[in-house]
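# Results of the structural survey
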Amino acid sequence: MSARVDWKETPRVHIFKADLSGLKKEEVKVEMEEGRVLQISVERIRENKEKDDKWHRVERSSGKFVRRFRLPENAKVDEVKASMENGVLTVTVPKQEMKKPEVKAIDISG
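Residues numbered from 1 in each chain as written. Predicted model: local features only at pLDDT ≥ 70, side-chain atom pairs only at ≥ 80, totals over all residues. Heavy atoms only, no water.

### Some details on the environment of Glu34
What counts is decided by this rule: Counting from the N terminus, the helices are DSSP H or I runs at least four residues long and the strands are E runs at least two residues long.
Relative to the assigned elements, Glu34 resides in the loop between strand E3 (28-33) and strand E4 (37-44). Considered as a pair, Glu34 and Arg70 are 36 residues apart in the sequence and their alpha carbons are 9.4 Å apart.

### With respect to unusual backbone geometry
Put simply, the rule reads: Partly exposed describes any residue whose relative accessible area lies between the buried limit of under 20% and the exposed limit of over 50%, with all areas from a 1.4 Å probe on protein chains only and scaled to the type maximum.
Unusually for a residue other than glycine, Glu34 sits at a positive phi of about 55°. Backbone geometry at Asn86 places phi at a positive 50°, although glycine is not the residue there. If you trace the backbone, Asn86 turns up in the loop between strand E6 (81-85) and strand E7 (88-94). A relative accessible area of 74% means that Asn86 is categorised as exposed.

### What about the side chain of His14?
The condition that has to hold: In protein, a polar contact means a hydrogen-donor-capable atom and an acceptor-capable atom, both N or O and within 3.5 Å, with residues adjacent in sequence counting only if both atoms are side-chain atoms; elsewhere, any N or O pair within 3.5 Å suffices. By the convention used here, residues are in contact when the closest approach between their heavy atoms is within 4.5 Å.
Structurally, His14 is set in strand E2 (residues 13-19). Within the structure, His14 has its side chain in polar contact with the side chain of Asn74 (distance 3.3 Å). Here His14 is in contact with Trp7, Lys8, Glu9, Pro72, Asn74, Val91, Thr92, Val93 and Lys95, once residues within four sequence places are set aside.

### Focus: the nonpolar core
As a rule of thumb, nonpolar side chains are buried together in soluble globular proteins. Cut-off, in case you're wondering: By nonpolar core is meant a set of buried Ala, Val, Leu, Ile, Met, Phe, Trp, Tyr and Cys residues that side-chain atoms within 4.5 Å join together.
Ranked by size, the top nonpolar core spans 17 residues in total, and within it Phe16, Leu20, Val42, Leu71, Leu89, Val91 and Val93 carry the most contacts. For this core, the secondary-structure elements that each account for two or more residues are E2, E4, strand E5 (63-70) and E7. With near-sequence residues (within four places) excluded, Phe16 lies in contact with Val5, Asp6, Trp7, Leu38, Phe69, Leu71, Leu89, Thr90, Val91 and Val93.

### Structural notes on the pattern of salt bridges
For the record, the criterion: The working definition used for a salt bridge is a side-chain nitrogen of Lys or Arg within 4 Å of a carboxyl oxygen of Asp or Glu.
In total, this model carries four salt bridges according to the counting rule given. Here Arg68 ties to Glu33 by a salt bridge, and the two come within 2.9 Å at their closest N and O atoms. Here the residue Arg68 occupies a position in strand E5, and Glu33 occupies one in strand E3, the gap between them amounting to 35 residues. Here Glu73 ties to Arg36 by a salt bridge, and the two come within 4.0 Å at their closest N and O atoms. Separated by 37 residues along the polypeptide, Glu73 in the loop between E5 and E6 and Arg36 in the loop between E3 and E4 bring together distant segments of the chain. Residue classification places Glu73 among the exposed positions, given a relative accessible area of 54%.

### Re the sheet that holds E4
The cut-off we apply is this: For two strands to pair, DSSP has to find at least two bridges joining them. Note on method: axes are straight lines fitted to C-alpha atoms, helices fitted across the in-contact stretch only, with angles between N-to-C directions ranging 0 to 180 degrees.
Across the sheet, which stays open at both edges, the three strands sit in the order E3-E4-E5 with antiparallel pairing between neighbours. Unpaired on one side and paired on the other, E3 and E5 mark the two borders of the sheet. Going from strand to strand, the sheet's axes swing by 15° on average, the running direction of each strand aside. Two elements, E4 and E5, share eight bridges in a ladder whose sense is antiparallel. Across the sheet, the residue bridging to Glu43 is Lys64, located in E5.

Structure (structure tokens):
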């Protein structure tokens, strides 16, 4: 079990979209780990098999998977938002404006 994830950067945000069709949002976790690592994890538990049930085919996958993405320095990790609609998880990470390093000229003596 795995998911395909797109990562797009706009001038204001990083946007992650993961195809998770057939999953409920309760089966999906979005976490920030180690400060700048976005982690998307899923666990789908297989349906209980009753003693009297006769299964003809089992094709839907069950199990776990984890995807991790190291976010750049400009990510506002405290303002991450996630939503799920029609089997697509969207995670939005706002960006902060990075200040240009100040350059100071040093006089050379001699």
